[in-house]
Amino acid sequence: MNKRIVIKSILWAFVSAGLVLAVARFFLGLGATTALSDDAPWGLWIAFDVMGGVALAAGGFVIAATVYIFHLEKYRPILRPAVLTAFLGYVAVVVGLQFDLGLPWRIWHAMIYWQHHSVLFEVAWCVMLYLTVLALEFAPVALEHPFLQWPILQRIHKLLKFLTIPLVIAGIMLSTLHQSSLGSLFLIMPYRLHPLWYTPIIPALFFVSAIGLGLMMVTLEAFVSSWLFDHKPKIELLSGLGRAASVVLFLYILVRFTDLTVRGQLGFLAEGSWQSLLFFFENAVSALIPAILLSNKKWRSRPDILLSCAIMVVFGMVLNRLDVGIAAIQKSPGYAYFPTWMEIGTSLSIVAAAALAYIFCAENFRLFIDEKHEEKSPEALRYEKPQFDVPSQAWLGDAFARNFSVFSIVAVLTIAFTAAILPSRALSRYEAKDVPVQAAQGWDILKIDGNRTGEYVLFDHKDHIARLQVTYGEREGCIKCHHARLPKDGPGRCGVCHSDMYKPKSNFDHAYHQSILLGNKSCAQCHPEGISKSKETAKVCSECHRAMFEHIDVKEPDYYIARGYVDAMHDLCIPCHTEQSKILGRKKLAQCAACHANPPGPAGAALNIENADELPRK
């Protein structure tokens, strides 16, 4: 069997498995498919798919700058593959990020709800813009296809060729920004990231390492392409990339160890911990050994050494992103993170999908500009399998039908196998543990600590009563917070109905109502005849219990399902604080720190509308 068919069959197997895992992830949630937790909210999909993916795609802007800015035309033959690799790499980053987001359908929020103070905001915009730039840079290659020779498409083709230089400059600027900004994300955790990896110059280290990785990723991609499509690797060009990579990698090592020396952290290298051993291994593989080998002209002219160096740099730099994003981050006592096989399988399936897209482009577009179109020799045509049986004129099938059959069989078998080995927690919806709510303590000042973790909010009840009654009147002021409650109950405690910290609970006791209404004969009192009996078709409770709700209005909740305590509190407080912050012109009143003072305690007790802007923030 053709080696390309074998490779594509393997890639299709990974993609098919990824489809099953995607269904489990998006329909059953992160809890059912990942090992993520509140202590480890970022895992493999951020460290590998996002941070590693962005770094691996750096070859696009590096080679584009080499050809268009520095006018080194001899590298033009590897420009198109490099841009395509970068484009597919960024598409993979976006797909990986979709898996990691708790609410993936809100990924577009970064475009509308701007937060100028967030590094993630800058990363999101840079990635979106650079992905667009890469698509426009590669579009002329696609528009050369014979099927896309329409006049309007050819005018677009000419326009994009005219805009090449501005696009390249924009791509360099955007890449510089977000390659370094990914490192900036970790500047806020100097006490959680191990000192061997944490440094104030981590953005610069991310940028420099991305350039070295980009050069070696282009080299590795060239070797793989030459093997897969039977081309001879251009050793002279790749040797030139190796020489540049050697300089960059030496600079990276020099900056990294100089930084450790200046910050007085060299002592961690001698302590013999697993972190120090990991640090030595990572730097040796990712930079030091390849830099030494590539600095010698004779060595870097050998394909085996070039390929070995490319593999080491790619592996080592990806390991660096995994260390920064996962391994070197200190976990809280009792917590640990190791990705589930479903997380690993999802990442591999995304990489496999990108590889399939690359092969498709290589087979259908003019990706390798100095390679002649593959023409079959007369000898090969002589032995090619006929499409028809001559005596019977029966169709025997062609290569496309054969390949489609092979890939379909692989996909079906892989989907069945992956679905069969899904763990039980991935087949049933993951549910959070029950966390019963404890009542708030106090009277004029309430200490709200529903799950008794010691992280409480001090609520000035007396002050809120006074303010709300002045604004809305005595009765309306109370029902701003105290809405529907149990019949014959006074202004009850929130935790009576919202009895779990995070999970919604039903407040309707069907068996009790059935017993006091004389059993099955009483069904018609709540369920109209002629339609199916369900909570959706039953009459609302206040139709019978209106007289029981004294001194207070009733807000009919959805089928008497009370939301979790945390959501219920936020639903009450946030809209009112947002409204008052606009009326009073005090922005901090609408921020989380207005209630969640840090540290909790007396600072929270002093909270009121007047001094909210002076309270410390988390």
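Just so we're clear, the structure is a prediction, and the values are computed from it rather than from any experiment.

1. As for the overall build of the chain
Item 1. Scanning the chain from N- to C-terminus turns up 26 helices and seven strands.
Item 2. Residues counted as buried form 43% of the 618 residues belonging to the chain.
Item 3. Sequence-distant contacts in the chain: of pairs separated by 6 or more residues, those separated by 24 or more amount to 71%.
Item 4. Surface exposure of the chain reaches about 34200 Å², of which carbon and sulfur atoms provide 66%.

2. Some points on the packing of aromatic side chains
Item 1. According to the stated counting rule, one finds 13 aromatic pairs in the structure shown.
Item 2. Seen from their ring centres, Trp-114 and Trp-125 are 5.6 Å apart, and the 70° between their planes marks the pair as edge-to-face. Of this pair, Trp-114 sits in the loop between α6 (109-112) and α7 (119-142) while Trp-125 sits in helix α7; the two residues are 11 residues apart in sequence, bridging distant segments of the chain.
Item 3. Linked through ring pairs, Phe-26, Trp-45 and Phe-99 together constitute an aromatic cluster.
Item 4. When the ring centre of Phe-206 is taken as origin, the NZ or CZ atom of Arg-321, which lies over that ring, is 4.1 Å away.
Item 5. A cation sits over an aromatic face here: Lys-447 above Tyr-456, 4.5 Å from the ring centre.

3. Let's talk about the confidence of the model for the chain
Item 1. The predicted model of the chain averages 84 in pLDDT, with 86% of residues at 70 or higher.
Item 2. Mean pLDDT per element in the chain: helix α26 (residues 602-605) is the minimum at 42, and helix α12 (residues 274-294) is the maximum at 95.
Item 3. This model gives residues 599-618 a pLDDT under 50, and the stretch forms 40 contacts once residues within four places in sequence are excluded.

4. Some words on the nonpolar core
Item 1. Core analysis: the biggest nonpolar cluster contains 106 residues, and Ile-63, Tyr-90, Phe-186, Leu-193, Trp-197 and Leu-241 have the highest contact counts within it.
Item 2. Of all the elements, helix α10 (residues 202-228) adds the most residues to this core, at 14 residues.
Item 3. In this structure, Tyr-90 is in contact with Val-54, Ala-57, Val-127, Tyr-130, Leu-131, Leu-134, His-178 and Gln-179, ignoring residues within four places of it in sequence.
Item 4. Formed by seven residues, the second largest nonpolar core is a distinct cluster that contains Val-437, Ile-448, Phe-459 and Met-501.

5. A closer look at a nonpolar patch on the surface
Item 1. Together, Val-6, Ile-10, Phe-14, Phe-338, Ile-344 and Leu-348 make up a nonpolar patch on the protein surface, roughly 530 Å² of accessible area in all.
Item 2. For the nonpolar patch, the elements supplying multiple residues, two or more each, are α1 (3-28) and α15 (341-364).
Item 3. With three residues, α1 is the single largest residue contributor to the nonpolar patch.
Item 4. Tracing the backbone through its elements, the reader meets Ile-344 in helix α15.

6. Thoughts on empty space enclosed by the protein
Item 1. All chains considered together, the criterion is met by four cavities of 30 Å³ or more.
Item 2. Its boundaries defined by the atoms lining it, the largest cavity holds a volume of some 180 Å³.
Item 3. As for the largest cavity, its lining consists of 16 residues, of which Ile-78, Ala-222, Ser-225, Lys-234 and Phe-368 are closest to the centre.
Item 4. A total of five residues in the lining of the largest cavity trace back to one element, the largest contributor, which is α10.
Item 5. Here the second largest cavity defines a volume of roughly 60 Å³.

About the criteria used
- Residues numbered from 1 in each chain as written.
- Predicted model: local features only at pLDDT ≥ 70, side-chain atom pairs only at ≥ 80, totals over all residues.
- Heavy atoms only, no water.
- Helix = DSSP H or I, 4+ residues; strand = E, 2+ residues; numbered from the N terminus.
- Buried < 20%, exposed > 50% of the residue type's maximum accessible area, 1.4 Å probe, protein only.
- Contact = heavy atoms within 4.5 Å.
- Areas by Shrake-Rupley, 256 points an atom, 1.4 Å probe, with all protein chains shown as cover.
- Phe/Tyr/Trp six-rings, centres within 6.5 Å; stacked < 30°, edge-to-face > 60°.
- Lys NZ or Arg CZ within 6 Å of the ring centre and 35° of its normal.
- pLDDT = per-residue confidence, 0-100.
- Core = buried A, V, L, I, M, F, W, Y, C linked by side-chain atoms within 4.5 Å.
- Patch = residues over 30% accessible without salt bridge, like charges linked within 9 Å, V, L, I, M, F, W, Y side chains within 5 Å.
- Salt bridge = Lys/Arg side-chain N within 4 Å of Asp/Glu carboxyl O.
- 1 Å grid on protein atoms, 1.4 Å probe; cavity = no way out; pocket = protein on both sides within 12 Å on 5 of 7 lines; lining within 4 Å.
- Points joined across faces, edges and corners; volume = space filled by probe spheres on them.

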